[in-house]
Amino acid sequence: YSFEAFSNLLKDNPEHISLILDEIRKVHDDILIELAEITENNGLTESQFRAMVHKVKGGAQLLSAKAFTEQCQKLELDGPLQERARLFTKLLEQENQVIKRYQGKYGG
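All residue numbers here refer to positions counted from 1 along the written sequence of the relevant chain. Given that this is a predicted model, residues contribute local features only at a pLDDT of at least 70 and side-chain atom pairs are listed and counted only at 80 or more, while totals for whole chains, interfaces and linings are drawn from all residues. Excluded from the side-chain calculations are hydrogens and water; all other atoms, namely the structure's heavy atoms, are used.

Asker: Now, about helix H4 (residues 66–75): what can you tell me, with residues and values included?
Answerer: An α-helical segment advances 3.6 residues per turn. Residues three or four places apart therefore align on the same side. Any residue under 20% of the maximum accessible area for its type is buried, any over 50% is exposed, and the rest in between are partly exposed; the area is computed with a 1.4 Å probe on protein chains only. The numbering of helices and of strands both runs from the N terminus, where a helix is a DSSP run of H or I of at least 4 residues and a strand a run of E of at least 2. Considered for burial, the residues of H4 that qualify are Phe68, Thr69, Cys72 and Leu75. Each buried residue of H4 lies within a common arc of 115 degrees when the element is viewed along its axis, so the set occupies one face. Turned more than 90 degrees from where H4 packs its buried face, Lys66, Ala67 and Lys74 sit exposed. Two residues form a contact once any of their heavy atoms are found within 4.5 Å. Its buried side turned inward, H4 meets helix H2 (16–40), helix H3 (46–62) and helix H5 (81–105). Think of the arc as the fan of directions from the helix axis to the C-beta atoms.

Listed below in structure tokens is the structure:
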């Protein structure tokens, strides 16, 4: 993550990085829960899935996380929905681990 969008804020208070990451992780966690519940009931629709990916992609773009953003864009392409949902879950879990490492670095 480069945090370019927050450069002025971070100069004054680097601990804000941890707060920003915490909010993004909360979004990831909420989507993971929602995705698991919907998928478990076989009720996931393409539009629901794309809305979830779009929301997460916005946070990735805010952090200037290029690779994460690109992975989200790939998930928005057509293909077997359940497989993309599985990959999305894995991606969010991995990114949450990255966030935890950053929070450790910035005092979170």
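Okay, back to it.
Asker: I'd love a proper account of the nonpolar core, names of residues and values included.
Answerer: General note: in soluble globular proteins, nonpolar side chains tend to be found buried as a group. Take the buried residues of types Ala, Val, Leu, Ile, Met, Phe, Trp, Tyr and Cys, join any two whose side-chain atoms come within 4.5 Å, and each joined set is a nonpolar core. Membership of the largest hydrophobic core comes to 25 residues, with the highest contact counts inside it found for Leu44, Phe49, Phe68 and Phe88. Sorting the residues of this core by element identifies H2, H3, H4 and H5 as the ones contributing at least two each. With eight residues, the single largest contributor to this core is H2. Non-local contacts of Leu44, meaning those with residues more than four positions away in its chain, are made with Leu35, Ile38, Thr39, Phe49, Met52, Leu81, Gln82 and Ala85.

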